[in-house]
Amino acid sequence: MNYENILTEIKDSILTVTLNRPKQLNALNKAVFAELEHIMTNLAVTDEVKGVIITGSGEKAFAAGADIKEFAHFNVEEGKELSADGQQIFKIIETFNKPVIAAVNGFALGGGLELAMACHIRLASDNARFGQPEVSLGVTPGYAGTQRLTQLVGKGKSLELLMTGAMIKADEALNLGLVNYVVTQDELISKAEELLKSVIKQSPVAVAGVIKCVDAYYTDGIDGFNTEVEEFGKCFGTEDFKEGTDAFMNKRKADFPGK
Ligand code: DAK
């Protein structure tokens with residue numbers, strides 16, 4: 001598949017995915033969703049890739065939401081399709097078995113914030129702005145913004161942001177726990193790479209287990225404690241576990257095979 005709306009680069013085992021519609025502030029349309037899904041299910045899964053950064057091109061936006069001009073004239077069926085496409089790719093990202101970091105370099109609004117919230121960790125540049133302005137358009141968030149924002153910042157603040165549609169700055173997002181770090185725009189990608197490298201050097205099997213266990217906490221019908229027992233037990237049969245414990249006992253750095 002040719003990617004016309006997204007740039008990709010693999011360097012030092014990190015796949016950087018850059019939403020590339022800067023003139024539309026990287027608004028998410030059907031084509032972007034299709035390309036993003038293809039990237040995550042074809043490129044990101046290869047052995048060459050150990051972690052993923054998602055960011056936006058230009059200096060203004062990560063993504064200013066779903067493409068309003070595209071969906072403004074949708075009927076109910078098309079709306080459902082748009083929702084299904086978005087929900088599917090966001091779930092793929094949230095449950096991805098390698099670390100995915102959102103490097104938010106400007107506006108992250110509506111679907112843009114929902115995309116960032118589907119990633120495992122969020123970093124922001126100091127000019128970043130966050131918000132769920134859907135109520136101003138006469139819709140509720142449709143890509144799990146009501147759920148993931150509430151998980152990340154708590155019910156009171158989430159309801160305030162969702163009901164007012166207000167935009168907040170990077171430092172407030174940091175105080176709320178919506179992002180993990182705020183840095184300058186120049187430092188954003190290097191900070192994301194640094195963080196990702198500190199994950200990548202750990203056991204990929206154990207990291208995948210951690211993602212699965214934490215996700216279980218938020219998944220109806222799944223007991224996270226049982227998931228942890230299962231994942232912990234499985235580790236004892238892996239080469240990574242043998243390598244990690246052997247490295248510790250022999251006072252050397254582990255070199256995990258990821259199996
Ligand atoms: N969609 C399409 N185009 C957008 C856009 C968007 N979300 N955001 C910005 N643009 C375009 C602008 O129209 C403008 O294009 P031209 O007019 O130059 O052709 C260009 O990007 C630059 O924007 P501005 O001139 O407005 O730039 P400013 O710096 O003045 O303002 C802004 C930046 C981010 C404050 C402003 O552009 C803005 O308010 N944008 C809209 C933000 C927004 O409301 N985002 C939420 C979208 S609603 C669904 C599930 C989910 C969703 C929908 C359905 N289903 C389940 C069915 C999600 C909904 C959303 O995300």
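Residues numbered from 1 in each chain as written. Predicted model: local features only at pLDDT ≥ 70, side-chain atom pairs only at ≥ 80, totals over all residues. Heavy atoms only, no water.

Some words on a negative patch on the surface
- A surface patch of like charges, here negative, comprises Glu59, Asp126, Asp186 and Glu187.
- Take Asp126: it is sitting in the loop between strand S7 (121-125) and strand S8 (129-131).
- Given the relative accessible area of 46%, Asp126 is considered partly exposed. (Patch = residues over 30% accessible without salt bridge, like charges linked within 9 Å, V, L, I, M, F, W, Y side chains within 5 Å. Areas by Shrake-Rupley, 256 points an atom, 1.4 Å probe, with all protein chains shown as cover. Salt bridge = Lys/Arg side-chain N within 4 Å of Asp/Glu carboxyl O. Lys, Arg positive; Asp, Glu negative; His and termini not counted. Charge placed at Lys NZ, Arg CZ, Asp CG, Glu CD. Helix = DSSP H or I, 4+ residues; strand = E, 2+ residues; numbered from the N terminus. Buried < 20%, exposed > 50% of the residue type's maximum accessible area, 1.4 Å probe, protein only.)

What to know about the sheet that holds strand S1 (residues 6-11)
- Strands sit in the order S1-S2-S3-S5-S7-S10 across an open sheet of 6 strands; the sheet is mixed. The open sheet has two edge strands with one neighbour each: S1 and strand S10 (181-183). Geometrically, the sheet is characterised by an average inter-axis angle of 20 degrees between neighbouring strands, direction not taken into account.
- Where S1 and strand S2 (residues 14-19) come together, 6 bridges link them in antiparallel fashion. Paired with Ile10 across the two strands is Leu15, which belongs to S2. (Pairing = 2+ DSSP bridges. Axes fitted to C-alpha atoms, helices over the stretch in contact; angles between N-to-C directions.)

Description of the packing of helix H1 (residues 30-43) against helix H3 (residues 76-94)
- Close contact between H1 and H3 brings their axes to 10 Å; oriented N to C, the two are set at 30 degrees. With respect to H3, the element H1 is oriented roughly parallel. The handedness of the crossing between H1 and H3 is left-handed. Contacts between H1 and H3 involve Lys30, Phe33, Leu36, Glu37, Met40 and Thr41 on the former and, on the latter, Glu81, Leu82, Asp85, Gly86, Gln88, Ile89, Phe90, Ile92 and Ile93.
- By residue class, the composition of the contact of H1 with H3 is 8 nonpolar, 3 polar and 4 charged. (Parallel < 35°, antiparallel > 145°, perpendicular 65-115°, else oblique. Left-handed = near helix turned anticlockwise from the far one by under 90°. Contact = heavy atoms within 4.5 Å. Nonpolar A, V, L, I, M, F, W, Y, C, P; charged D, E, K, R; others polar.)

Considering the nonpolar core
- Val52, Ile93 and Phe130 are the most contacted members of the largest nonpolar core, which totals 45 residues.
- Leave out the neighbours within four places in its chain, and Ile93 touches Leu36, Met40, Ile54, Val100, Leu115, Ala118, Cys119 and His120.
- The next biggest cluster of nonpolar side chains, apart from the first, holds 10 residues, and it includes Ile14, Ile53, Ala192 and Leu196. (Core = buried A, V, L, I, M, F, W, Y, C linked by side-chain atoms within 4.5 Å.)

What about a nonpolar patch on the surface?
- A cluster of nonpolar residues, Val210, Val214, Tyr217 and Tyr218, forms a patch on the protein surface that exposes about 450 Å² of accessible area.
- Inspection of the secondary structure assignment puts Tyr218 in the loop between helix H9 (204-217) and helix H10 (224-235).
- Judged by its relative accessible area of 41%, Tyr218 is partly exposed.

Regarding the packing of aromatic side chains
- Across all of its chains, the model carries 6 aromatic pairs by this definition.
- Considering the side-chain rings of Phe33 and Tyr143, the 5.3 Å spacing of their centres and the 75 degrees angle between planes classify their relative orientation as edge-to-face. Of the two residues, Phe33 is situated in helix H1 and Tyr143 in the loop between S8 and helix H5 (145-153); the sequence distance between them amounts to 110 residues. Across the pair, exposure class does not vary: Phe33 and Tyr143 are buried alike.
- Judged by centre distance (5.0 Å) and plane angle (70 degrees), the ring pair of Phe232 and Phe236 falls under edge-to-face. (Phe/Tyr/Trp six-rings, centres within 6.5 Å; stacked < 30°, edge-to-face > 60°.)

Regarding the pairing of strand S3 (residues 51-56)
- Of all the 6 residues making up S3, 6 are buried; the element is thus mostly covered by neighbouring parts of the structure.
- Both faces of S3 are covered, namely the face carrying Gly51, Ile53 and Thr55 and the face carrying Val52, Ile54 and Gly56.
- The β-α-β motif built from S2, the intervening H1 and the parallel element S3 has right-handed crossover chirality.
- Bridge analysis of S3 against strand S5 (residues 100-104) gives 4 bridges, and the strand direction is parallel. (Right-handed = clockwise from strand over helix to strand, strands pointing away.)

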